[in-house]
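Descriptive structure summary
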Amino acid sequence: MARIEAVVFDIGKVLVEWDLRLIYRDLIPDSAQRDWFVTHVVTPEWHFQHDAGRPLAEMLPERIADYPEHEALIRRYASHFNDSIPGPVPGTADLVEALHAKGVPLFAITNFGAEFWPDFAPRFPVLERFRDIVISGVEQLAKPDPAIYALAERRFGLPGSAMLFVDDNEHNIAAARACGWQGHHFTNAAGLEADLVSRGLLG
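Not measured: the values here are computed from a predicted model. (Residues numbered from 1 in each chain as written. Predicted model: local features only at pLDDT ≥ 70, side-chain atom pairs only at ≥ 80, totals over all residues. Heavy atoms only, no water.)

1. Considering helix H4 (residues 71–79)
Every α-helix winds through 3.6 residues per turn, so residues three or four apart in the chain are directed the same way. Regarding H4, the residues found buried are Leu-73, Ile-74, Arg-76 and Tyr-77. Seen end-on, H4 carries its buried residues on one side only, within an arc spanning 150 degrees. For H4, the exposed residues lying more than 90 degrees away from the buried face are Ala-72 and Ser-79. Looking at the buried side of H4, the elements it contacts are helix H1 (31–40), helix H2 (44–51) and helix H3 (56–66). (Buried < 20%, exposed > 50% of the residue type's maximum accessible area, 1.4 Å probe, protein only. Helix = DSSP H or I, 4+ residues; strand = E, 2+ residues; numbered from the N terminus. Arc of directions from axis to C-beta. Contact = heavy atoms within 4.5 Å.)

Structure (structure tokens):
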């Protein structure tokens, strides 16, 4: 393996928890009904359109037209999105700080809506450790599109082979590896720490 010169993190489910159901835990107290709602109405797949760059001004009216009886709940997705991000994933921020302390360059690639980012980012100061963050909604490119990895290489100034990409989604890791990157499929901080130690990035 090529020497790792930088570590590139995903954000959702790697640095911060994310669950659309949390937006509705007060308004839909029954867990089965809440599960139904985020499986059929405000779904991860629908949300991904915003991650990919589609504006909320287009998405909301369209969805409300499909589910007019749920208009208030659909609008809550836009007004209370931060409720879906309850806090940090245990242990990962500590690894970011440890890598930073060792002088390892840190970057991020995240599938995240451009309209939600400004209210989200200040809540998590660990994001300030990253020298640059590629945000899918801003770029209108989303993982696992190979184009977002090519953009990241240009922005970060390193070839993919010199970067370790950490993501919870296996498809995103597979796409990065197909572009020549090194990858770690994230499941928990302990597993990531062991990988970083084995690569000589932490010790």
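Having put the structure on the table, let's press on.
2. Concerning the environment of Phe-9
Note that Phe-9 resides in strand S1 (residues 6–9). The buried category is assigned to Phe-9, whose relative accessible area is 0%. The sequence separation of Phe-9 and Leu-60 amounts to 51 residues, and the corresponding C-alpha distance is 30 Å.

3. Considering the nonpolar core
Counting residues in hydrophobic clusters, the biggest one holds 51 residues, and the most contacted among them are Val-7, Phe-9, Tyr-77, Phe-120 and Leu-127. With 4 residues, the top contributor of residues to this core is H3. Beyond its immediate chain neighbours, meaning those up to four positions away, Tyr-77 contacts Leu-20, Ile-23, Tyr-24, Val-42, Trp-46, His-47, His-50, Leu-56, Met-59, Leu-60 and Phe-116. Core analysis: the next-biggest nonpolar cluster, separate from the first, contains 17 residues, Val-134, Tyr-149, Ala-152 and Met-163 among them. (Core = buried A, V, L, I, M, F, W, Y, C linked by side-chain atoms within 4.5 Å.)

4. Side note on the sheet that holds strand S2 (residues 106–110)
Read from one edge to the other, the open sheet built from 5 strands follows the order S3-S2-S1-S4-S5, with strand pairing classed as parallel. What marks the edges here is a single partner per strand, and that holds for strand S3 (132–135) and strand S5 (182–185). Neighbour-to-neighbour, the strand axes of this sheet turn through a mean angle of 20 degrees, independent of strand direction. Where strand S4 (residues 163–167) lies against S5, 4 bridges are found, and the strand directions are parallel. Paired with Val-166 across the strands is His-184, a residue of S5. Its contacts with the sheet put helix H10 (residues 189–198) on S1, S4 and S5, and the angle it makes with S5 is roughly 150 degrees. (Pairing = 2+ DSSP bridges. Axes fitted to C-alpha atoms, helices over the stretch in contact; angles between N-to-C directions.)

5. Re the environment of Thr-39
Position of Thr-39 among the secondary structure elements: in helix H1. Residue Thr-39 is classed as exposed on the basis of its relative accessible area of 52%. Put simply, Thr-39 and Pro-125 are 86 residues apart on the chain and 32 Å apart in space, counted from C-alpha to C-alpha.

6. Side note on the packing of aromatic side chains
Across all of its chains, the model carries 15 aromatic pairs by this definition. Look at Phe-81 and Phe-112: their rings are 6.0 Å apart centre to centre, the planes differ by 85 degrees, and that puts the pair in the edge-to-face class. Here Phe-81, found in the loop between H4 and helix H5 (92–101), pairs with Phe-112, found in the loop between S2 and helix H6 (117–120); they are 31 residues apart in sequence, far enough to count as distant. As far as burial versus exposure is concerned, Phe-81 and Phe-112 are alike and both buried. Relative to Phe-165, the ring of Tyr-149 lies with its centre 5.8 Å away and its plane at 75 degrees, an arrangement referred to as edge-to-face. Placement of the pair is Tyr-149 in helix H8 (residues 146–156) and Phe-165 in strand S4, with a sequence separation of 16 residues. (Phe/Tyr/Trp six-rings, centres within 6.5 Å; stacked < 30°, edge-to-face > 60°.)

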